[in-house]
Amino acid sequence: MYKYKVSILGTGFIGLCSAACFSNKGIKVLASTHNEKKAKLINDGKAPFFEANLQEIMDDVKKNNSDLLQCLTDPVKAVLETDISMITQGTPMRDDKSIDLGFIESTAREIGEALKTKDKYHLIVVRSTVVPGTTRNLVGKIITEISGKEPGKDFGLCMQPEFLAEGRSIEDTLHPDRIVIGGVDKRSGDMLQEFYEYFYGDHLQNCPILRMNLESAELVKYGNNCLLSTKISYANEFANFAELVPNVDIAQVMAGVGLDYRLNSRFLNAGVGFGGSCFHKDVNAIKAWSKSKGYTSRLLEAVLGINDDQAIHIVDMAEELVGKLAGKKVTLLGLAFKPGTDDMREAASIRVVDELLKRGVTDIIGYDPKANETAEVEMGDKLKYAKSITEALNDSECTLLITEWDEFKKLTPDDFKKQMKTPNLVDGRRIYDYEKFNNALPFKAIGRVNLD
Ligand code: UGA
């Protein structure tokens, strides 16, 4: 067993994927959650949510290292019995769109309680996404207030941002492209670096470790998510430019742009807009944070505005095809914020449904291979939920493709023609061959118009 034991405070995507991967490499992990049901599932070796390959890693741990992963409902005990504590709590968006640090604050209090009675040096690592200053001025100060101990002297304090994407959490945890370590002092950063040198071993030959201060590390994470969101809104703005000129195709334009050696082509796919639990939350959080410091971001305002407008735009495109949609039956193919997940948080489908309702469309039916249930929790009876593509298309007068699941990519123009009342189709993710579909059906696609 590795010399440092680790407590993971928070068992969401980051927390549980780390806990499972660490313990699978011989590290003793005490995870902690206040949710007893979740703790029991984890202790029974069951992943409490779906994430690709997580269950498989948990099965391996159960088989080979079952004593190395344990989940407690007592964070104070978890901290006391380990050497390093990682805070992996959520930082949701408040109603005013600023960051809610409530879970971080309560976890810092629990750590403070534990450190009050602990004499040995202990390292605290914030891995949640937090606005600059949080690790030092909130986490560090609360721990000092409660325990009487000083960061950099009695305990170590680091900030290590996470870059894992849903559906890739295990892959991203095992093979990161870089590790960013912000430290309150050298000793804190050295201890965390030593831990990752053990955990990653040879992988570090291709994965730089960047050392910096706490606030820079906090800002790196926002820099990342804001640039990725900006790339998407930039591609969507250019899709709108492309639609001003007949026969210009945004997919070809972005392929041309993305091959520049200073750029890359990832996250340049135009479409109905980004969703998910992170981009909206983080772009809004850093925007609100900078405003509270007296700086108003114009770029991020535009990134969010362009994204919201894409949902309106796809409904405009549908009305250009069909005329007024009110009174007609409309189908949404895909509801989740991206393929491979049942996550509905900030999904583009929600904005599209709201826009349809605003325009008086009451007969909406949606189908998602994985997210029907979560969509129903999110949107209730705003729409009906089909159990199959066939049921979703049956008798429909217009279909909007919202999420690019593989099973939708296989559909042919004939599938739409056979099953819909009138086969109008708007491709919101550019998954269909433009020429083929445009020749076969009343068809529109983001980022391309054909005036022939
Ligand atoms: C994102 C980041 O990719 C992660 O690096 C980050 O760690 C994570 O947020 C987080 O902060 O926790 P995630 O939200 O899981 O990960 O999903 P992405 O794969 O980034 O997709 C986000 C949205 O962008 C999806 O709705 C997707 O459809 C959309 N997207 C993506 C586009 O519209 N166009 C593209 O070219 C790429």
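To be clear, the structure that these remarks concern was listed above.
This section reports on the structure supplied with the text. (Residues numbered from 1 in each chain as written. Predicted model: local features only at pLDDT ≥ 70, side-chain atom pairs only at ≥ 80, totals over all residues. Heavy atoms only, no water.)

### Observations regarding the pairing of strand S5 (residues 122-126)
Of all five residues that make up S5, five are buried, and the element is covered over most of its length. Going residue by residue along S5, you find His122, Ile124 and Val126 tucked away on one face and Leu123 and Val125 tucked away on the opposite face as well. The sheet contact formed by strand S4 (residues 84-87) and S5 spans four bridges and is parallel. Residue pairing across strands places Ser85 opposite Ile124, the latter belonging to S5. Traced from S4 through helix H5 (residues 102-116) to S5, the parallel crossover comes out right-handed. (Buried < 20%, exposed > 50% of the residue type's maximum accessible area, 1.4 Å probe, protein only. Helix = DSSP H or I, 4+ residues; strand = E, 2+ residues; numbered from the N terminus. Pairing = 2+ DSSP bridges. Right-handed = clockwise from strand over helix to strand, strands pointing away.)

### Quick word on helix H2 (residues 36-43)
Of the residues that open H2, the one with a side-chain oxygen 3.1 Å from the backbone nitrogen of Lys37 is Asn35. Count one or two residues on from H2 and you reach Gly45, which has phi positive near 80°. (Polar contact = N/O pair within 3.5 Å; in protein donor to acceptor, adjacent residues only side chain to side chain.)

### A closer look at the state of the cysteines
Following the criterion strictly, the structure yields zero disulfides and no others. We note that Cys71 lacks a disulfide partner, and the nearest cysteine sulfur, in Cys17, lies 14 Å from it. Exposure remark for Cys71: the relative accessible area of 5% places this residue in the buried category. (Disulfide = S-S within 2.5 Å.)

### Observations regarding the sheet that holds strand S9 (residues 329-333)
The sheet built from six strands is open, its strands ordered S11-S10-S9-S12-S13-S14 with parallel pairing. The sheet is open, and its two edges are formed by strand S11 (384-385) and strand S14 (443-445), each paired on a single side.

### Quick notes on the packing of aromatic side chains
Counted under the stated rule, the structure contains 20 aromatic pairs. Residues Tyr2 and Phe195 carry aromatic rings whose centres are separated by 6.0 Å and whose planes lie at 55° to one another, so their mutual orientation is tilted. A residue pair is termed long-range when its members are at least 10 positions apart, and Tyr2 in the segment before strand S1 (6-9) and Phe195 in helix H8 (residues 186-200) qualify at 193 residues. Given a relative accessible area of 10%, Tyr2 falls into the buried group. For Phe195, a relative accessible area of 0% translates into the label buried. Relative to Phe408, the ring of Tyr367 lies with its centre 6.1 Å away and its plane at 70°, an arrangement referred to as edge-to-face. (Phe/Tyr/Trp six-rings, centres within 6.5 Å; stacked < 30°, edge-to-face > 60°.)

### Side note on the nonpolar core
Judged by nonpolar contacts, the single largest core of 60 residues is most densely connected at Leu332, Val352, Leu356, Leu400, Phe416 and Tyr432. Looking at this core element by element, the count peaks at six residues for helix H12 (residues 298-322). Apart from the residues within four sequence positions on either side, Tyr432 is in contact with Leu401, Phe408, Lys409, Leu411, Phe416, Leu425, Asp427, Phe437 and Phe443. (Core = buried A, V, L, I, M, F, W, Y, C linked by side-chain atoms within 4.5 Å. Contact = heavy atoms within 4.5 Å.)

### Overview of the packing of helix H9 (residues 214-242) against helix H10 (residues 250-258)
Put simply, H9 and H10 touch, their axes get as near as 9 Å, and they point 130° apart. With respect to H10, the axis of H9 lies oblique. Remark: the crossing between H9 and H10 carries right-handed chirality. Mapping the contact onto sequence places Tyr234, Ala235, Phe238, Ala239 and Ala242 in H9 and Ile250, Met254 and Val257 in H10. A breakdown of the residues in the contact of H9 with H10 according to their chemical character gives eight nonpolar, no polar and no charged. (Axes fitted to C-alpha atoms, helices over the stretch in contact; angles between N-to-C directions. Parallel < 35°, antiparallel > 145°, perpendicular 65-115°, else oblique. Left-handed = near helix turned anticlockwise from the far one by under 90°. Nonpolar A, V, L, I, M, F, W, Y, C, P; charged D, E, K, R; others polar.)

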